[in-house]
Amino acid sequence: DTEVTQTPKHLVMGMTNKKSLKCEQHMGHRAMYWYKQKAKKPPELMFVYSYEKLSINESVPSRFSPECPNSSLLNLHLHALQPEDSALYLCASSQGWDNTEAFFGQGTRLTVV
Amino acid sequence: AQSVTQPDIHITVSEGASLELRCNYSYGATPYLFWYVQSPGQGLQLLLKYFSGDTLVQGIKGFEAEFKRSQSSFNLRKPSVHWSDAAEYFCAVVLKAAGNKLTFGGGTRVLVKP
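Note that the structure is a prediction, hence the values are computed from the model and not measured.

Chemist: Describe the overall build of chain B, naming the residues involved and giving the relevant values.
Modeler: When its secondary structure is counted, chain B shows 0 helices and 12 strands. Ordered by position from N to C terminus, the α and β elements of chain B give β-β-β-β-β-β-β-β-β-β-β-β. Compactness check: chain B gives a C-alpha radius of gyration of 14 Å against a globular reference of 13 Å for 114 residues, within 12% of the reference. Principal-axis analysis of the C-alpha atoms gives chain B an extent of 45 × 30 × 20 Å.

Chemist: Would you mind going over the pattern of salt bridges in detail, with residue names and values included?
Modeler: Within the structure shown, the criterion is met by 10 salt bridges over all chains. With a closest N to O distance of 2.9 Å, lysine 101 of chain B and glutamate 58 of chain A form a salt bridge. Taken as a pair, lysine 101 of chain B in the loop between β10 (87–94) and β11 (102–104) and glutamate 58 of chain A in the loop between β6 (53–57) and β7 (64–70) lie in two separate chains rather than in one. You can call lysine 101 of chain B partly exposed: its relative accessible area is 29%.

Chemist: Explain the state of the cysteines to me, using residue names and the numbers behind them.
Modeler: Throughout the structure, instances matching the rule amount to 2 disulfides over all chains. Residue pairing for cysteine 23 of chain A: its cysteine sulfur links by disulfide to cysteine 91 of chain A, the two sulfurs lying 1.9 Å apart. Looking down the S-S bond of the cysteine 23 of chain A and cysteine 91 of chain A bridge, the torsion is -70°, so its handedness is left-handed. Highlighted residues: cysteine 23 of chain A in strand β3 (residues 18–25) and cysteine 91 of chain A in strand β9 (residues 87–94), separated in sequence by 68 residues. Between the sulfur atoms of cysteine 23 of chain B and its disulfide partner cysteine 91 of chain B the distance amounts to 1.9 Å. With the S-S bond torsion at -65°, the cross-link from cysteine 23 of chain B to cysteine 91 of chain B turns out left-handed. Linking cysteine 23 of chain B in the loop between β3 (19–21) and β4 (24–26) with cysteine 91 of chain B in strand β10, this pair joins segments that are 68 residues apart in sequence. In this structure, cysteine 23 of chain B and cysteine 91 of chain B share a single accessibility class: buried. Distance from the sulfur of cysteine 68 of chain A, which forms no disulfide, to the nearest cysteine sulfur (cysteine 23 of chain A) is 9.3 Å. Judged by its relative accessible area of 13%, cysteine 68 of chain A falls in the buried class.

Scoring rules and cut-offs
- Residues numbered from 1 in each chain as written.
- Chains lettered and ligands numbered in written order.
- Predicted model: local features only at pLDDT ≥ 70, side-chain atom pairs only at ≥ 80, totals over all residues.
- Heavy atoms only, no water.
- Helix = DSSP H or I, 4+ residues; strand = E, 2+ residues; numbered from the N terminus.
- Rg over C-alpha atoms; globule rule 2.2 N^0.38 Å.
- Salt bridge = Lys/Arg side-chain N within 4 Å of Asp/Glu carboxyl O.
- Buried < 20%, exposed > 50% of the residue type's maximum accessible area, 1.4 Å probe, protein only.
- Disulfide = S-S within 2.5 Å.

Structure below.
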């Protein structure tokens, strides 16, 4: 199994809503990542978890809250988002934090209205 | 400043023709080098990677890339393009001295003419 599975595929939420994005991998990878990708732009790193601990937060606003309940799961909790937060959110994993090969999920297309 | 650059924003190629996508990096040391492909609205798929050794790297889907240290380049090639190769292609680097972050170039959109 070389898949990273993200749910939901699409999400529309209001600016007062609370929602969560989910990511799961069963490759035994110990590093997991959240990226944000705006249209026609490359992915931008948001967070890195290594061995279930947050190791990098790229100065992401607190309305985005990551969580890593166990080595296979990664969540991104969303609250009070702005329309400019609409984007494709990508989850990725790699065997270790040396990032030798990152596997990406299909992404969640988020629209904030 | 440390960066990875893809000079071509768009490339249009006829089906069956060859394709070359350029990637240059500016780091003091040689980073790990990757090429990813992204179809519209989809995630990224790794085409190939270079860490060390043979400078000509074979990947999936008939792609290859050549690392040239003297030019700080890692260009992607395919001898004969198929319509299904139409996608966005990202060159990416990981540099241990820069915290092992996967840093992407701006991307090159490939259009394939019938």
